[in-house]
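Read off the chains here:
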Amino acid sequence: MNKVYSHIESIVGNVISVKADSAYGELAEVATRYGNSLAETIRLDGEMAYLQVFSGGRGISTGDEVRFLGHPMRVSFSDSLLGRIFDGAGSPRDGGPELTDNLITIAGPSVNPFKRIIPKEMIRTGIPMIDVFNTLVKSQKLPIFSVSGEPYNQLLARIAMQAEVDLIILGGMGLKFDDYLFFKDTLEEGGALSKTIMFVHTAADPVVECLMVPDLSLAIAEKFALKGKNVLVLLTDMTNFADSLKEISITQEQVPSNRGYPGDLYSQLAARYEKAVDFSDAGSITTLAVTTMPGDDVTHPIPDNTGYITEGQFYLKGGKIEPFGSLSRLKQQVNGKTREDHRAIMDGMIKLFASYRDTLEKKSMGFQMTAWDKKLLKYGELFESKMMDLSVNTPLEKALDTGWEILGTCFEPRETGLRTELIQKFWFKGHSQNVPGTQD
Amino acid sequence: MSQTLGKVTAVNGNMVSVRFEGDVSMNEVAYILTQGKKLKSETIRIRANKAQVQVFEATKGVRVGDSVEFTGDMLSVELGPGLLGQIYDGLQNPLPEIAEQTGYFLEPGVYLRSLSRTIRWHFTPSAKAGDIVRRGDCLGTVPERTFTHRIMVPFGLLGEWKIIEIKSEGDYSIDEAITVIEDSRGNRKTLTMTFFWPVKRAVDCYAERLKPQTPMVTKTRIIDTFFPVAKVGTYCIPGPFGAGKTVLQQVTSRYADVDIVIIAACGERAGEVVETLIEFPEITDPRTGRSLMERTIIICNTSSMPVAAREASVYTAVSLAEYYRQMGLNILLLADSTSRWAQAMREMSGRLEEIPGEEAFPAYLESVIAAFYERAGIVRLSDGRMGSITIGGTVSPAGGNFEEPVTQATLKVVGAFHGLSRERSDARKYPAIHPLDSWSKYPGIMPAKAVEFAHNYLERSAEVGAMMKVVGEEGTSLDDYVYYLKGEFLDAVYLQQNSFDPVDASVSPERQKAMFRLVLRILGADLEILDKEGARGWFYELRQAFLDLNGSAQGTSLFNQSLSKIESSLAAKSPRYSAKTQQILASLE
């Protein structure tokens, strides 16, 4: 085994070809004068094997040695991963020792749907726009759709810090170096680094390694989940992942389907997102990803395909989570069990907020504001500052109380469209003129 | 005939090239022997002594030089008693049994028998020795769940056969011989209760195909009244993500008046299938009082399962549907989503380096989609009984844009189009079927004139609504404004339906008729209305009463209360009806 080949036949982009006996998906090591790099067989044709070189094709010489390792891409799995930081090739980025024990294959088979269960536990994040209006559920896969420049990484880091999970795995793809440091520092300061594992590909790293990050992160997550841990996987930014796919498939001369993206973009994304799972008698994987929308266009192939795969999405716009368009498809599974007023507050406040937006439009067109409009304007402002602002950090029950307080400050009970029994029980009593029972 | 063998010469994703010796047929199944496993694949192109096969598994670890065995059979499903209530993957492997064997994951190379070998079925022969039979003829029956399952002569046996011997009434397992038949040349064949059928061929042993006539009642008002689906028809539901396609399909599969529902979850989220898997056994079928699962077969190939099997899953589903159709049953096949199926074709086409058509979909996309939907239909079987298949496919157009190739190819061949709109789902108007974009070519349960009459109000109301956005409420005449309110009213109380409300979720045709007439009495009336403010108030009040009515079972006190409230409100406006309106109302008596 481990035959060494000393002649590279062709070098196209990041892909080299070697006359060799290799298996599909096999890993090899290419020794260049700039150091060794891993490579993966991505195509076989007759006696020719095509390999994708992790560190890129630059500087590779036709006379470089290629050594096949006889196994596919693997990663070490053990508790000593905790607190460690790796790059997209699975090598340490933090100066710590290389881990080689208990190697597991990445990108394993899909979970049998029959062994999945209906998710039923909420994940508390302390962010009212999530907890109250679009509850995050254990084992959910949810992307944050946003435009470049929005504080999506800050949001992600905050959720990571506050979510009640056993383990956090951060997969960074095409991260700016300072974003990487931001994550590292935030987790360190929050004392969460010891339950975190990071696989980070920065924008300066070779593009092939970017493709490995989700598979590495999810393979590790899967193993921990099988050991009964509840794992939160953060992937940022999946748009970079999809763009890397595009880059590789174009250099491979594959027929592009839509805006240059390969025809299997949907399957590629689905294979990663569908790893989110709640095992019937073990742990779970919850996936939160960032998808930056090129040009704020939700019909762009990346967000579009993502939306069809994931269980909802959060829109991050203007530094706030938009109530419209954001959706957690699984929230119905859990928000009936939190507090009896949860669903009513969720629907009622959003309906009123929609009216507020209409009023804003009316106002900007110069129409006269009625008494009702003025109430809505006050409500909208309070809603934005006490609910939507990302700096608000409060448990769900407290957030619901805040909701009642905002309603109580702005409206008469009957103007809210909420059920009478809830109003009698929860109506905000701080303002004497609005006492339940005075309605009708 | 000796088995054809081959060797792997190239691997590209899940497409493998094989050099073979002997004969290979198109769509023949081949197994790739690698790392002690057998990976199932299907031949999709043959050139000289080179075949290209699509592998139904991840091809990790396959090497050039690995052996390949061709089976001589096309990709087939096994047909026989015991299919109902099963959960299969796209290749008809039973997922629960696979879970028992391999645990949480779907390991490549594990294939299991689709039907249970141990169950003994009570067979009652209906043919006797000496009878002449043809393919599709009934040999006897076994009870399966609530149905009488007909054991038939395999659909692939051409010509006339004489029954030499047939087992007497008794319990048999599927592998036991039940009859021996002989053709005119003296060739004998031993038959069991099951046989295989190649999925990509339509079952064609029936006397004739008939025109769709009877509507399939789904108990969803907007479908049954406005955009009906014929029993045996085809329809498609395109819509952007989050518009409620899957919920609509789930509701349909629960309430549709058909014998058997086959759900092909093709390339969609696993979570949604899980909901069906877990909830269906708990729900009672209103028709039989038994668990809904007993009349359901689920073919489940979710988005992360191998893509070639996704392509096959749709055919597996329709072949099972055809099998039960041959027993004279009515089958509804729901495919969610045909876009994923088309994408699977696109992936393979790309790997075959075919010249791409629009958006890189293969040029044969349209004919393949057409051929699939054409497998729906009502047929008269050779013994005079009728069997039917209705196909409902969802389409997930990229970016919610209906101009894309899959939606367009589908629209050409279906009989009804239920276009879901983002705008309506954002406004929480469910089901989000757009009443102005959608259409149906099938006759429904209501007189066509009445439906057209109501539809006019919707169109007119939308026009006025658009106009009002420009000129404001002040610039709209009272007449127009009333039109607008009537359209909104029809939308709110009739088109929208709450699928989570126990009463409103399913509305019987009789009740639909009565309610439709009531709505038309309001729409068609000349009302004494003085100003816009009053009109709006009056319609809102009426709407509230009508929604209460929708949510209460017939005969309850809330039902009667709401009804009399509506009647008295209407009477207060002293409605007058034109001769035409009266005629339409009379047609709904």
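Residues numbered from 1 in each chain as written. Chains lettered and ligands numbered in written order. Predicted model: local features only at pLDDT ≥ 70, side-chain atom pairs only at ≥ 80, totals over all residues.

Student: I'm lost on the overall build of chain B in this one. Help?
Tutor: Secondary structure summary: chain B contains 15 helices and 28 strands in total. The globule rule puts the C-alpha radius of gyration for 589 residues at 25 Å, and the 27 Å found for chain B is close to it. When the backbone C-alpha atoms are referred to their principal axes, chain B occupies close to 90 × 55 × 40 Å. The buried share of chain B, reckoned over its 589 residues, is 51%. In chain B, of all internal contacts separated by at least 6 residues, the share reaching a separation of at least 24 is 68%. (Helix = DSSP H or I, 4+ residues; strand = E, 2+ residues; numbered from the N terminus. Rg over C-alpha atoms; globule rule 2.2 N^0.38 Å. Buried ≥ 20, exposed ≤ 12 C-beta atoms within 10 Å, placed from the backbone. Contact = placed C-beta atoms within 7 Å.)

Student: For this particular structure, what's the right way to read the overall build of chain A?
Tutor: When helices and strands are counted, chain A shows 12 helices and 23 strands. Referenced to the eigenvectors of the C-alpha coordinate spread, the extents of chain A come out at roughly 90 × 45 × 40 Å. The buried share of chain A, taken over its 440 residues, is 52%. Looking at chain A alone, contacts between residues at least 24 apart form 71% of all its contacts between residues at least 6 apart.

Student: It is not clear to me how the interface of chain A and chain B should be interpreted in this structure. Could you clarify?
Tutor: Accessible area lost upon the coming together of the parts is a frequently used measure of interface size. Of the residues lining the interface, 42 residues belong to chain A; the matching set on chain B comes to 49 residues. Among the secondary structure elements, those contributing two or more residues to the side of chain A that touches chain B are strand E5 (35–45), strand E17 (256–258), helix H6 (265–273) and helix H7 (301–309) of chain A. With 5 residues, H7(A) is the largest single contributor of residues to the side of chain A that touches chain B. A per-class count over the side of chain A that touches chain B returns 20 nonpolar, 13 polar and 9 charged. Where E5(A) and strand E1 (residues 5–12) of chain B come together, 3 bridges link them in antiparallel fashion. When the sheet's bridge partners are listed, A:Leu44 is paired in E1(B) with B:Val11. (Nonpolar A, V, L, I, M, F, W, Y, C, P; charged D, E, K, R; others polar. Pairing = 2+ DSSP bridges.)

Student: Explain the domain arrangement of chain A here, please?
Tutor: All names here are of chain A. Each assigned domain of chain A is listed with its residue range as follows: domain 1 (4–72), domain 2 (76–333) and domain 3 (342–426). The gap between the C-alpha centroids of domain 2 and domain 3 is 33 Å. In this complex, domain 2 contributes 12 residues to the contact, which on the side of domain 3 involves 16 residues. Elements with a minimum of two residues in the side of domain 2 that touches domain 3: helix H1 (128–133) and strand E22 (320–321). At 5 residues, H1 tops the list of elements feeding residues into the side of domain 2 that touches domain 3. Taken together, the residues of the side of domain 2 that touches domain 3 sort by class into 7 nonpolar, 2 polar and 3 charged. (Domains from an automatic or database assignment.)

Student: Mind showing me how you'd approach the pairing of strand E21 (residues 234–238) of chain B here?
Tutor: Two faces belong to every sheet, and in a regular strand the side chains alternate between them. Residue and element names in this part refer to chain B. By the criterion of burial, E21 is predominantly enclosed, with 5 of the 5 residues buried. Neither face of E21 is open: one carries Thr234, Cys236 and Pro238, the other Tyr235 and Ile237, and all of them are buried. As defined by bridge partners, E21 adjoins strand E27 (residues 416–417) across 2 bridges and the pair is classed as parallel. Its bridge partner lying in E27, Tyr235 is registered against Ala416.

Student: Looking at this structure, how should I read the sheet that holds strand E9 (residues 121–125) of chain B?
Tutor: Backbone hydrogen bonds are what pair the strands of a sheet, in a parallel or an antiparallel way. Residues and elements named next belong to chain B. A sheet is described by the order of its strands in space; here 4 strands give the open sequence E12-E11-E9-E14, paired in antiparallel fashion. Unpaired on one side and paired on the other, strand E12 (147–152) and strand E14 (170–172) mark the two borders of the sheet. Each strand of the sheet is rotated relative to its neighbour by a mean of 40°, with strand direction disregarded. (Axes fitted to C-alpha atoms, helices over the stretch in contact; angles between N-to-C directions.)

Student: Looking at this structure, how should I read helix H3 (residues 177–189) of chain A?
Tutor: Counting along an α-helix, one turn takes 3.6 residues, and residues three or four places apart therefore face a common direction. Residue and element names in this part refer to chain A. In a regular helix each residue adds 1.5 Å, so 13 residues correspond to 18 Å; H3 covers 18 Å between its end C-alpha atoms and thus fits that length. Along H3, the residues classified as buried are Asp179, Tyr180, Phe183 and Leu187. In a view along the axis of H3, the buried residues occupy a sector of 105°, so they form one face of it. Exposed and oriented more than 90 degrees from the buried face of H3 are Phe177, Asp178, Leu181, Asp185 and Glu189. Elements that come into contact with the buried residues of H3 comprise helix H2 (152–162), strand E14 (167–175) and strand E15 (196–202). Positive backbone phi, approximately 70°, marks Gly191, located one or two places after H3. (Expected span 1.5 Å × (residues − 1). Arc of directions from axis to C-beta.)

Student: Got a minute to help me understand the domain arrangement of chain B in this structure?
Tutor: Residue and element names in this part refer to chain B. Under the domain assignment, chain B is made up of domain 1 (5–74), domain 2 (88–94 + 207–440), domain 3 (121–193) and domain 4 (448–587). Relative placement of domain 1 and domain 2: their C-alpha centres are 31 Å apart. In this complex, domain 1 contributes 13 residues to the contact, which on the side of domain 2 involves 8 residues. For the side of domain 1 that touches domain 2, the per-class residue count stands at 5 nonpolar, 5 polar and 3 charged.

Student: Looking at this structure, how should I read the confidence of the model for chain A?
Tutor: Low pLDDT marks regions whose predicted coordinates should not be analysed in detail. Residues and elements named next belong to chain A. The predicted model of chain A averages 90 in pLDDT, with 97% of residues at 70 or higher. No element of chain A has a lower mean pLDDT than E17, at 83, and none a higher one than strand E20 (residues 284–292), at 96. Across residues 432–440, where pLDDT falls below 50, the model places 12 contacts with residues more than four positions away in sequence or in other chains. (pLDDT = per-residue confidence, 0-100.)

Student: Honestly, helix H12 (residues 509–523) of chain B in this entry has me stumped. Any pointers?
Tutor: All names here are of chain B. In a regular helix each residue adds 1.5 Å, so 15 residues correspond to 21 Å; H12 covers 20 Å between its end C-alpha atoms and thus fits that length. Residues of H12 that are buried include every one of Gln512, Phe516, Leu518, Val519, Leu520, Ile522 and Leu523, and no others. Close packing links the buried residues of H12 with helix H2 (221–226), helix H10 (448–471), helix H11 (478–495), helix H13 (532–550), helix H14 (557–572) and helix H15 (579–587).

Student: What is the right way to read the nonpolar core from this model?
Tutor: Taken as a class, soluble globular proteins show a tendency for nonpolar side chains to be buried jointly. Counting 281 residues, the largest nonpolar core has A:Val231, B:Ile262, B:Ala264, B:Ile299, B:Ala317, B:Ile331 and B:Leu333 as its most contacted members. Setting aside anything within four residues of it in sequence, one finds B:Ala317 in contact with B:Ile262, B:Ala264, B:Ile299, B:Leu333 and B:Ala335. B:Leu139, B:Met152, B:Trp161 and B:Ile163 belong to the second largest nonpolar core, which has 17 residues in total. (Core = buried A, V, L, I, M, F, W, Y, C linked by C-beta atoms within 7 Å.)

Student: Is there a simple way to explain the environment of A:Gly171 in this structure?
Tutor: Residues and elements named next belong to chain A. Along the polypeptide, Gly171 turns up in strand E14. Since 31 C-beta atoms lie within 10 Å of it, Gly171 is described here as buried. Residues Gly171 and Val213, spaced 42 residues apart in sequence, show a C-alpha to C-alpha distance of 5.8 Å. If we skip the residues at most four places from it in the chain, Gly171 touches Phe199, Val213, Pro214, Ser217, Val233, Leu234 and Leu235.

Student: Is there a simple way to think about unusual backbone geometry in this case?
Tutor: The general pattern is negative phi for most residues beyond glycine and trans for most peptide bonds. All names here are of chain B. In this structure, Ser337 follows Asp336 across a cis peptide bond, with omega equal to 10°. Of note, the amide linkage connecting Tyr430 to Pro431 takes the cis form, showing an omega dihedral of -10°. Tracing the chain through its elements places Pro431 in the loop between helix H9 (422–426) and strand E28 (439–440). Phi angles above zero are rare outside glycine, and Gln92 is one such case at about 65°. Within the secondary structure, Gln92 sits in the loop between strand E8 (87–88) and helix H1 (95–102).

Student: Sorry if this is basic, but what is going on with the pairing of strand E25 (residues 377–380) of chain B here?
Tutor: All names here are of chain B. As defined by bridge partners, strand E18 (residues 208–210) adjoins E25 across 3 bridges and the pair is classed as antiparallel. Within the sheet, the bridge partner assigned to Arg209 lies in E25 and is Val379. Across 4 bridges, the pairing between E25 and strand E26 (residues 386–395) is antiparallel. Each bridged residue has a counterpart across the sheet, and for Arg380 the counterpart in E26 is Met386.

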